[in-house]
Amino acid sequence: MKPFDHYKQLTQHFEIQGSPRQIPTSLVDLEQVLFCSRRNVNFILKKLRSLGWLEWKPGVGRSKQSYLIFHKTIQELQLEEIQELFNQRRLKQMFSLIEELNLTEEWKDELYGWINSKLGFQQETDVDTKKDVLQFPYIREISQLDPMLATRQMEMHLIHQVFDGLTKRNSFSGEVYPHLAHSWEVNVELDKWVFHLRKRVYFHNGRELTSEDVEYTLKRLINGDHWMVSGLCVIRKLDRYTIALDFEKPCPLLLRYLALPQMVILQKTDDTHHTNPIGTGPFQIVEHQPELIELHAVDTYFKERPLLDIIRIWIFPSSIQWRKDAQFYPYVPSKGKTHITTWSKNNRVDLERKVLICNTYKNGNMRSIQIRRRLRAAIDKEQMINELGENRLCSCESLYGEEAKITYQAVPETTELISLTLYTNAHSLNVNDAEWLTQNLRTNGFRLNVVTVPILELVQKRTRDKADLILVSMVNTSDLELSFIQFLLGHNEWFIHMFDSKQSEMLKNLAQVACLEQDPTDILKQIDDHLVQSVSMIPLYLTKQESYTHPNALGVELDDYGFLDYQKCWFQAPKIKEELK
C-alpha cells in the first residue's frame, strides 16, 4: 500500500475531521488498525513523519500514554495531490482524480479557486527577467494544427499565431497588404504573378525562409486537391527570394487566398506539420499535448514582437466551475457569465451559420422536395434559439449575404412518420441542436436517428452514403466571399457532392466561375438563392462569440475567429493605476 492509503486508514479509524489533532493510542492499537506487525507499524510511522503528515509521540514508562498528532486531513492531502498534478501538467490525471473524490462543496470551491488562481495574467521570473504570461482554459482538445487540414476556429486562430502568409488582410477595411512577400507584379490577364520575398525571415528552428518553402507549400496544396490552387500549372523559383506562378485561367482573388490560414507558408520538411508545427509567426509552439498548448513570443520576429511573452492554453473539461476570480476567459459557457458582468466584453457577431444539409446524393427520402419542404416548415427556429440559448444569436434564411427571399410552398398534411439519419460532430452546440430537433420534429412527423462523429468524418464519402441530413456550421470570417467559397469547395468539394449529379455539376461550375471574378458577389448570391429555394439546405441560425477580459487587460481585439489577438494584448499591473492617482 502507498503512504496515502495507510494515512487514510488511520484518519478513518480515528475519525479525523480537522488538523492538527492529537489522538491517544498505542503501538498495539496501531498494529490492529494497520493490520501489520510492530516492525511494519514503526516503518509506516517513520515514512508518514518524513512526509510531514503526522507526529508520533511515544509514552515514556509503562503508564505513560502515546499520541498520534495528525497534521493533515485526507482532503488536504487530496488537494495537495491535485495541485501537484497541475504543476506537473498532468491535467488528465488531475481531473480523473477530482471525479473520483467525494469532495464536499466547500473543498470543491477551494480547489477550483486554486485552479482559477493559476489562470489569467501571471508574471514569471526566468533568469532575472520577468515574463508576462497569459494562461486560460479551453474546453475542447486542439488536435489539428496542419494548416491544410484544420477546420475549427481555434485551430485556424492558432495557425495565424504560428505561421505567416505571403499577404495579410485587414479584418476591418478588407485591404490586403504585403507580409512575407514585400511586393508583387501581375500581368493584365491576372494569370501570371511574381512575388518578392522578404530577406532574413526565419523559421522558429533558425532556418531562413526562401522561395523553396513557398514552392513546397503550394505543391503540397496542389497534391491535396485544394481549391485555392486550382489552375496553378507552373511554379518557378526565379531566385532565392523570388517566385513566379502561372495559372491556366485568371486568378483575380489570389492575394485574398494567400492571406487565409490554409495558405500560410510551411517549411520544406518531411511533412510533420501536424505533430511539429514550425512557422515564421510571432509565436512558436514549445509544447503541444492533449492537456496543454504553450506558445512563446519570438524575439526575432520580422514584424513587431508580441507584447505578451508566453501563452498557455489549458484544455479543461466542460464541467469545470467558472469563478469570478479568474482573470481571462476567451470563451465562457453561459453558466459562467453571471460572475463577470463587470469585465470588458468583446463580441464577434455572425461567427458561424448553422445549417442542415439535405443529402439528395443518397437514394432516400431527401430526394423528395415535398419532404424537404415539410421538414423546413416543421422547424421553429425562433423556438429553438429561445429554448437552447447560449451563443445562438438569431435565425437566418441564407448562408451568404442578405437574407434570401424564400417562397414557401404549401405543405400537404400527412400522418406518415418519416425516419431520417442525421450526422453531426461532437461539438456541444451541435449535440444540443440535434437533441432539440429530435424531440421537436417527432411531433411533426419525423423520427431522427442521430449519429455523432469526429468533425473530419462528416466530409467523408462513407458519411454521405449513410446520412440523410448533416448538421454543420459554416465559419464566417470577415472575408464573407471566401468563407462561402471555402464552404462550397473545401475538403474536396464535400458540400457540393451532397447533391445529385446534375445539381452538383451546376454548383461546381458556378463556384469555379465565382473564383474567376474580381467581385464574385452576384454569382455567390445566385448559388445561395438556389440552395435555399430548392431546400437543398436549411439555414438555422447565426452565432456570436463573446470574450470577457479582466479590466487590466489592454489592447484587446478579437480576430476573425472570435479569439484574442495575442500580439496586441498586454496587462497593466494594478500598482501602475495606483501610481497615476
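Residues numbered from 1 in each chain as written. Predicted model: local features only at pLDDT ≥ 70, side-chain atom pairs only at ≥ 80, totals over all residues. Heavy atoms only, no water.

1. Quick word on the overall build of the protein
Right, so step 1: When helices and strands are counted, the protein shows 17 helices and 23 strands.
Right, so step 2: On the principal axes, the C-alpha backbone points of the protein span a range of 105 × 70 × 55 Å.
Right, so step 3: The buried share of the protein, reckoned over its 581 residues, is 52%.
Right, so step 4: When contacts within the protein are restricted to residue pairs at least 6 apart in sequence, those whose partners lie at least 24 apart make up 68%.
Right, so step 5: Approximately 27,400 Å² of the protein is accessible, and the part contributed by carbon and sulfur atoms is 48%.
Right, so step 6: Each charge sign in the protein was given a centre, from 70 positive and 77 negative side chains, and these centres are 4 Å apart. (Helix = DSSP H or I, 4+ residues; strand = E, 2+ residues; numbered from the N terminus. Buried < 20%, exposed > 50% of the residue type's maximum accessible area, 1.4 Å probe, protein only. Contact = heavy atoms within 4.5 Å. Areas by Shrake-Rupley, 256 points an atom, 1.4 Å probe, with all protein chains shown as cover. Lys, Arg positive; Asp, Glu negative; His and termini not counted. Charge placed at Lys NZ, Arg CZ, Asp CG, Glu CD.)

2. Some points on the sheet that holds strand β8 (residues 181-186)
Right, so step 1: Reading across the sheet, the four strands line up as β8-β9-β11-β10 and stay open at both edges, with antiparallel pairing between neighbours. Looking at strand neighbours, the two that pair on one side only are β8 and β10 (232-239), the edges of this open sheet. Across the sheet, the axes of successive neighbouring strands diverge by a mean angle of 20°, strand direction being ignored.
Right, so step 2: Bridge analysis of β10 against strand β11 (residues 242-247) gives six bridges, and the strand direction is antiparallel. Paired with R236 across the two strands is A244, which belongs to β11.
Right, so step 3: Against the sheet, helix α8 (residues 211-223) engages β9 (192-197), β10 and β11, with an angle of about 170° to β10. (Pairing = 2+ DSSP bridges. Axes fitted to C-alpha atoms, helices over the stretch in contact; angles between N-to-C directions.)

3. What to know about the sheet that holds strand β13 (residues 292-297)
In any sheet, the strands associate via hydrogen bonds between backbone groups, in a parallel or an antiparallel arrangement.
Right, so step 1: Strand order across the open sheet formed by five strands is β4-β5-β14-β13-β12, with mixed pairing between neighbours. Edge strands, defined here as strands with exactly one partner in the open sheet, are β4 (120-126) and β12 (283-289). Each neighbouring strand pair of the sheet contributes to a mean axis angle of 20°, computed without reference to strand direction.
Right, so step 2: Sheet analysis places β12 next to β13, joined by six bridges and oriented antiparallel. Counterpart to Q284 in the pairing with β13 is H296.

4. Observations regarding the pattern of salt bridges
Right, so step 1: One pass over the structure, following the stated rule, counts 29 salt bridges.
Right, so step 2: Of the charged contacts, one joins E124 and R312 as a salt bridge, the two residues approaching to 2.8 Å between their closest N and O atoms. With E124 in strand β4 and R312 in strand β14 (residues 310-315), this pair connects stretches of sequence that are 188 residues apart.
Right, so step 3: Given the relative accessible area of 28%, E124 is considered partly exposed.
Right, so step 4: Overall, R312 belongs to the buried group, its relative accessible area being 6%.
Right, so step 5: The partner of E457 in a salt bridge is R462, and the shortest N-O contact between them spans 2.5 Å.
Right, so step 6: On the accessibility criterion, E457 (22% relative accessible area) is partly exposed. (Salt bridge = Lys/Arg side-chain N within 4 Å of Asp/Glu carboxyl O.)

5. Considering the pairing of β14
Right, so step 1: Burial analysis of β14 places six of its six residues in the buried class, which makes it a mostly covered element.
Right, so step 2: What you see with β14 is no split at all: I310, R312 and W314 on one side and I311, I313 and I315 on the other are buried throughout.
Right, so step 3: With six bridges joining them, strand β5 (residues 129-138) and β14 adopt parallel strand pairing. The partner of Y138 across the bridge, within β14, is I315.
Right, so step 4: In this sheet, β14 lies alongside β13 in antiparallel orientation, the contact comprising five bridges. Bridge pairing in β14 links I293 to I313.

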